[in-house]
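Descriptive analysis of the structure
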Amino acid sequence: MDTLNQFIKYVKFDEEKRILISLQNQFENYLQDQKIRSMLKDAAKSILKDDFVQLEVGKNMVRLTVTDGTEEQNLDLVKTELVKGLEMAMAFLQMQNMKDQ
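Residues numbered from 1 in each chain as written. Predicted model: local features only at pLDDT ≥ 70, side-chain atom pairs only at ≥ 80, totals over all residues. Heavy atoms only, no water.

Let us look at unusual backbone geometry. For Lys17, which is not a glycine, the phi torsion comes out positive at approximately 65°. Its place among the elements puts Lys17 in the loop between β1 (8-13) and β2 (19-23). The phi angle at Lys49 is positive, at roughly 50°, despite the residue not being glycine. Relative accessible area serves as the criterion here: at 57%, Lys49 is assigned to the exposed category. (Helix = DSSP H or I, 4+ residues; strand = E, 2+ residues; numbered from the N terminus. Buried < 20%, exposed > 50% of the residue type's maximum accessible area, 1.4 Å probe, protein only.)

What follows is the structure in structure tokens.
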């Protein structure tokens, strides 16, 4: 199975040109953890730099707002960098959970 499909359903724009990252349902519990939310926000700020405006976390979705006019280039950045980091973090957390059982 492709790693992107294993952890992430999709990365796309919503109707307001915010970047949506949707996780597979089995990983939604991770998004409720404050440490993970903080890590995601720090990663988004690090990658998007001055274009970062806001990060919102829902049940199984992350919504990123970026500076107007930079949406397309930042969507590409998110697809490569942030998604890669999220995949690594999710794989690590999944391995930790296996150890704890």
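Right, let's get into the pattern of salt bridges. Applying the stated criterion across every chain yields a total of five salt bridges. Where Lys17 meets Glu72, a salt bridge forms, and the shortest distance between an N and an O atom there is 3.0 Å. Placement of Lys17 in the loop between β1 and β2 and of Glu72 in helix α3 (residues 71-100) is noted, with a sequence separation of 55 residues between them. Judged by relative accessible area, which is 34%, Lys17 ranks as partly exposed. Overall, Glu72 belongs to the partly exposed group, its relative accessible area being 46%. Taking the shortest distance from any N to any O, the salt bridge between Lys59 and Glu28 comes out at 4.0 Å. Here Lys59 is found in the loop between β3 (52-57) and β4 (61-66), whereas its partner Glu28 is found in the loop between β2 and α2 (34-48), with 31 residues between them in sequence. The class of Lys59 is exposed, set by a relative accessible area of 59%. (Salt bridge = Lys/Arg side-chain N within 4 Å of Asp/Glu carboxyl O.)

On average, residues of the protein chain score 86 in pLDDT, and 95% of them reach the 70 mark or higher. When mean pLDDT is taken per element in the protein chain, β3 scores highest with 96 and helix α1 (residues 3-7) scores lowest with 63. (pLDDT = per-residue confidence, 0-100.)

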